[in-house]
Number of protein chains: 2
Amino acid sequence: MAEPNAVSQLADMELNDGTGDQLSKDTSVADDDRVDPWTVVASSEKGIDYDKLIKRFGSSKIDQALLDRFEKVTGHKPHHLMKRGVFFSQREVHRILDRYEAKKPFFLYTGRGPSSGSMHVGHLIPFVFTKWLQEVFDVPLVIQLTDDEKFLWKDLKAEEALRLAKENAKEIISLGFDSEKTFIFSNMEYIGSSPPFYMNMLKIQKCITFNQVKGIFGFTDSDCIGKISFPAIQAAPSFCNSFPQIFGNKKDIPCLIPCAIDQDPYFRMTRDVAPRLGYPKPALIHSTFFPALQGAQTKMSASDPNTSIYLTDTPKQIKNKVNKYAFSGGGASVEEHREKGGNCDVDISYQYLTFLMEDDERLEQIRQDYTSGKLLTGELKKELIVILQKLIGDIQENRKKVTDDVVKDFMRVRKLKYNY
Amino acid sequence: MAEPNAVSQLADMELNDGTGDQLSKDTSVADDDRVDPWTVVASSEKGIDYDKLIKRFGSSKIDQALLDRFEKVTGHKPHHLMKRGVFFSQREVHRILDRYEAKKPFFLYTGRGPSSGSMHVGHLIPFVFTKWLQEVFDVPLVIQLTDDEKFLWKDLKAEEALRLAKENAKEIISLGFDSEKTFIFSNMEYIGSSPPFYMNMLKIQKCITFNQVKGIFGFTDSDCIGKISFPAIQAAPSFCNSFPQIFGNKKDIPCLIPCAIDQDPYFRMTRDVAPRLGYPKPALIHSTFFPALQGAQTKMSASDPNTSIYLTDTPKQIKNKVNKYAFSGGGASVEEHREKGGNCDVDISYQYLTFLMEDDERLEQIRQDYTSGKLLTGELKKELIVILQKLIGDIQENRKKVTDDVVKDFMRVRKLKYNY
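Residues numbered from 1 in each chain as written. Chains lettered and ligands numbered in written order. Predicted model: local features only at pLDDT ≥ 70, side-chain atom pairs only at ≥ 80, totals over all residues. Heavy atoms only, no water.

Chain A is annotated in an unreviewed UniProt entry as Tryptophan--tRNA ligase, cytoplasmic from Patiria miniata. What UniProt states about chain A under its Sequence similarities (unreviewed entry) heading is, verbatim, "Belongs to the class-I aminoacyl-tRNA synthetase family." (UniProt positions renumbered as here; feature names shortened; annotations may be inferred.)

Peer 1: I'd love a proper account of the overall build of chain A, names of residues and values included.
Peer 2: Within chain A, the secondary structure is distributed over 20 helices and 11 strands. With the C-alpha coordinates aligned to their principal axes, the bounding extent of chain A is approximately 65 × 50 × 50 Å. Expressed as a percentage of the 420 residues in chain A, the buried residues total 61%. A fraction of 77% describes how many contacts in chain A between residues 6 or more apart in sequence connect residues 24 or more apart. Here chain A has roughly 16200 Å² of accessible surface; of this, 49% comes from carbon and sulfur atoms. (Helix = DSSP H or I, 4+ residues; strand = E, 2+ residues; numbered from the N terminus. Buried < 20%, exposed > 50% of the residue type's maximum accessible area, 1.4 Å probe, protein only. Contact = heavy atoms within 4.5 Å. Areas by Shrake-Rupley, 256 points an atom, 1.4 Å probe, with all protein chains shown as cover.)

Peer 1: Which residues make up the environment of A:Tyr100, and what values do they have?
Peer 2: All names here are of chain A. In this fold, Tyr-100 is placed in helix α4 (residues 93-101). Relative accessible area serves as the criterion here: at 25%, Tyr-100 is assigned to the partly exposed category. For Tyr-100 and Val-73, which are 27 residues apart along the polypeptide, the C-alpha to C-alpha distance reads 7.6 Å.

Peer 1: Tell me what's going on with the pairing of strand β8 (residues 255-260) of chain A, and back it up with residues and numbers.
Peer 2: Residue and element names in this part refer to chain A. β8 sits mainly inside the fold: 6 of its 6 residues count as buried. Residue alternation in β8 divides its side chains into two sets, Cys-255, Ile-257 and Cys-259 and Leu-256, Pro-258 and Ala-260, and both sets are buried. As defined by bridge partners, strand β5 (residues 107-112) adjoins β8 across 2 bridges and the pair is classed as parallel. Counterpart to Leu-108 in the pairing with β8 is Leu-256. The pairing of β8 with strand β9 (residues 283-287) spans 5 bridges and is parallel. In the strand pairing of β9, Ile-257 is matched with Leu-284. Remark: the β8/helix α14 (residues 264-277)/β9 crossover connection has right-handed handedness. (Pairing = 2+ DSSP bridges. Right-handed = clockwise from strand over helix to strand, strands pointing away.)

Peer 1: So, the sheet that holds strand β4 (residues 87-91) of chain B: which residues are in play, and what are the values?
Peer 2: All names here are of chain B. With respect to topology, 7 strands assemble into an open sheet ordered β3-β4-β9-β8-β5-β6-β7, the strand pairing being mixed. Edge positions in the sheet fall to β3 (60-61) and β7 (182-186), since each of these pairs with one other strand and no more. In this fold helix α4 (residues 93-101) packs onto β4, β8 (255-260) and β9 (283-287), with an angle of close to 125° to the strand it touches most, β9. Docked against the sheet, helix α7 (residues 158-173) engages β5 (107-112), β6 (141-145) and β7, running at close to 160° with respect to β7. (Axes fitted to C-alpha atoms, helices over the stretch in contact; angles between N-to-C directions.)

Peer 1: Before we move on, can you summarise the relation of the copies chain B and chain A with the specific residues and values?
Peer 2: When chain B is fitted onto chain A, the two copies agree to an RMSD of 0.0 Å after a turn of 180° and an axial shift of 0.0 Å. In symmetry terms, the pair is related by a two-fold rotation axis. (Least-squares fit on C-alpha atoms with pLDDT ≥ 70 in both.)

Peer 1: Lay out the interface of chain B and chain A with the relevant residues and their values.
Peer 2: Taken together, the contacts link 40 residues of chain B with 40 residues of chain A. Taken together, the two surfaces of chain B and chain A that pack against each other cover about 3200 Å², and 66% of this comes from carbon and sulfur. By the criterion of area lost to chain A, the three top residues of chain B are B:Tyr198, B:Lys206 and B:Ile225, representing 23% of everything that side buries. On the surface where chain B and chain A come into contact, there are 4 salt bridges. The salt bridge partner of B:Glu159 is A:Lys203, with a shortest N-O separation of 2.7 Å. Elements with a minimum of two residues in the side of chain B that touches chain A: α6 (147-153), α7, α8 (187-190), α9 (195-207), α10 (210-217), α11 (225-229) and α12 (231-235) of chain B. Counting residues per element, the side of chain B that touches chain A draws most heavily on α9(B), at 8 residues. (Buried area = accessible area lost by both parts, 1.4 Å probe. Salt bridge = Lys/Arg side-chain N within 4 Å of Asp/Glu carboxyl O.)

Peer 1: I'd like a description of the pairing of β5(A), backed by residues and values.
Peer 2: Residue and element names in this part refer to chain A. Among the 6 residues that make up β5, 6 are buried, leaving the element largely enclosed by the rest of the structure. Neither face of β5 is left uncovered, since the one carrying Phe-107, Tyr-109 and Gly-111 and the one carrying Leu-108, Thr-110 and Arg-112 both have all their residues buried. Of the pairings in the sheet, the one linking β5 to strand β6 (residues 141-145) comprises 5 bridges and is parallel in character. Bridge pairing links Arg-112 to Leu-145 in β6. In this region the chain leaves β5, passes through helix α5 (residues 121-137) and returns to the parallel neighbour β6; the handedness of that crossover is right-handed.

Peer 1: How would you explain the nonpolar core if you had to name every residue and give the values?
Peer 2: Of all hydrophobic cores here, the largest spans 114 residues; its most connected members are A:Ile204 and B:Ile204. Discounting chain neighbours no more than four positions away, the residues touching B:Ile204 are B:Ala232, B:Ala235, B:Ala236, B:Phe239, B:Met269, B:Val273 and B:Leu277. The next biggest cluster of nonpolar side chains, apart from the first, holds 68 residues, and it includes A:Leu81, A:Phe129, A:Leu353 and A:Leu363. (Core = buried A, V, L, I, M, F, W, Y, C linked by side-chain atoms within 4.5 Å.)

Peer 1: How would you sum up the confidence of the model for chain A? Please name residues and give values.
Peer 2: Averaged over all residues, the pLDDT of chain A equals 90, while 91% of them reach at least 70. Every residue in residues 1-30 of chain A scores below 50 in pLDDT, and together they form 108 contacts with partners more than four places removed in sequence or on other chains. (pLDDT = per-residue confidence, 0-100.)

Peer 1: Before we move on, can you summarise the pattern of salt bridges with the specific residues and values?
Peer 2: Under the counting rule described, the total for this entry stands at 54 salt bridges over all chains. Note that A:Asp360 and A:Lys83 form a salt bridge whose closest N and O atoms lie 2.6 Å from each other. Here A:Asp360 is found in helix α18 (residues 360-372), whereas its partner A:Lys83 is found in helix α3 (residues 80-83), with 277 residues between them in sequence. A:Lys83 gets classed as partly exposed once you look at its relative accessible area, which sits at 37%. With its nearest N and O atoms 3.0 Å apart, the salt bridge here joins B:Glu364 to B:Arg367. Placement of both B:Glu364 and B:Arg367 in helix α18 (residues 360-372) is noted, with a separation of 3 residues, approximately one turn of the helix. Under the relative-accessibility criterion, B:Glu364 is labelled partly exposed at 32%. What you see here is one network of salt bridges that share partners, running through A:Glu167, A:Lys170, A:Arg399 and A:Asp404.

Listed below in structure tokens is the structure:
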């Protein structure tokens, strides 16, 4: 999947099922937020208007009814990222819950566009959530590393993109994924190792015209033909027979894709194509963006170190960055803060806590105390610093055990611990 | 490679080395012959004007100097297909002869777009010539079966395209190729079995914009993204490191590509890209088209059985087709023919003999006798029928020995009998 780096336009809605006509329609408006796989820019300083996005993309809000059903069907309380609206949008999660209830198989698919530096905290969110979903559902997980995309979009050697993919795999593995249940693959390696995956790529490529990718992704005549055909590559893992080593000769096992909402254009396209190929549509669950330290107008960027907390940051760096850069919603002085209170809606430290603090009651207490002015900005930041230091410290500890051999094990084309 | 089936335009020239700017230039003119991978239509009934084509494509004529050098360097008299101008055009064959003289390695690459019926005699020509070149040079040969192209361009299931590729492989093998020296591959199978091949595809795809393939191949915004990125797939086998099982980790071994001139657009593009990727440019040797029985305005088509002699035709079918359909340059009556003589330039039976009859003196005698009126059309046709029956009978005899296992052997990813 992608990091923001290029100018692109938005296509709009999910596509009427089966027709696909609307794939090429682009009704994005100048003063709308810009959200696509390469660009996320909010039009107001309040950040992205996610309700508007749901409407424009044609997805569904994760409402209380879905949260209730989730708990009833799985026996697990919804993850705090769901309850708090970080995962806020979805397509057909009910269908996945139906299957879970009926004990019918499905799988999870997510991915990542390799970055040259370390991953940052924002990158973690979909993986943390996906790992939790896998534990709840106990289903296979496939993770696509789009080193080919990285190579096509950036000024970078192909071999370097592949190397980055494997470095990134180490960080992903450090979150604690189970190698018996998880297949991580680099496109550059796996496409050349799996005729069925290539066959699916081709089948998808046959269904999509240049006009359509132009409408959905904003490609132009000056884009290289690799970019133009890339969307089929991100679509292909949605179909279980791209992984015969896991799913045998099955064609009808659907997947659930947890991802940030900027990746939705790929999967609107995929959902449009699926019935034409006789495959089930992927279901989706979308997250908001993890904001930059400087504020919610944009998401974290791996290329500006001061916007992000990295998985390689030391406890001291974490402390300094949060103290120095995390945009504050507090008063200008202690006196003013005590009097007027802080504004949680724009305070980045508070925002980060909603992503990272598991304890609902504690979080609510912090919100009240900060809003009333009882809790100072420095105290709020300290809460965040402790959580970040613990989270990242644990990952760094795990990371030491992730050798090249462990990566090979995750990336080996093999059966997983499931029978299909 | 391709059969004619779609409307397309021509790009024009070879590209100034290294710049590639001219790749997107299209200077084809309405009253020119149309020659591209999907369409071959002559603008006059004399057939394609090949001299004009050489000029437009920017290739070089195979002249007496090259024929002389070929004989001197290889110790073999040039093949009759070269001497008689069937292989009439080339790019950098001198460089390949330089390497042969210096005992430096190179390889041969040719290909075929699988057809649903049997191959016809026209399809044989590049293979007959390639086989001879392999015997002369004793170098590895790779043969690409573009089942993916077939799938993308035709209303056909992917699995069916792959099946056709393997059926076509049987006919190709029946021409007598040596499995120790020849690797035949289906794109659908091999691309999914060779990360280095996919890596080269990607690298090529990054160098070519939609604007460029539009100019070279006439693609439009309504074409599917599979077609748009396909040219990279036909380009990739030009580079030896697409076949590490044969060439180890070498990157600098060039190839010579024997093909019909309609495939040149792919390789003009490839030659433009090669230096940017640090690879040697492929050399080329181009053939004219094998005319349809009905006349030289177009080439044989696998889809109209009466334009072609198939490898599956019986001796009786061969005889009937030649007698019934082969366009005659003879007189309207025996008397007229005896008086005015026949016209070898338009007589299809005579044309076919120039492709198929090895004996130069005999062919010259036939030409003289037919031109003078001494030889009647029926007698000329008989000469051709005997040769076709023998050629196709021999292939049919070989074909019986080409089991599925033999095909597997040729298509297995493996070393060949060469050390690189």
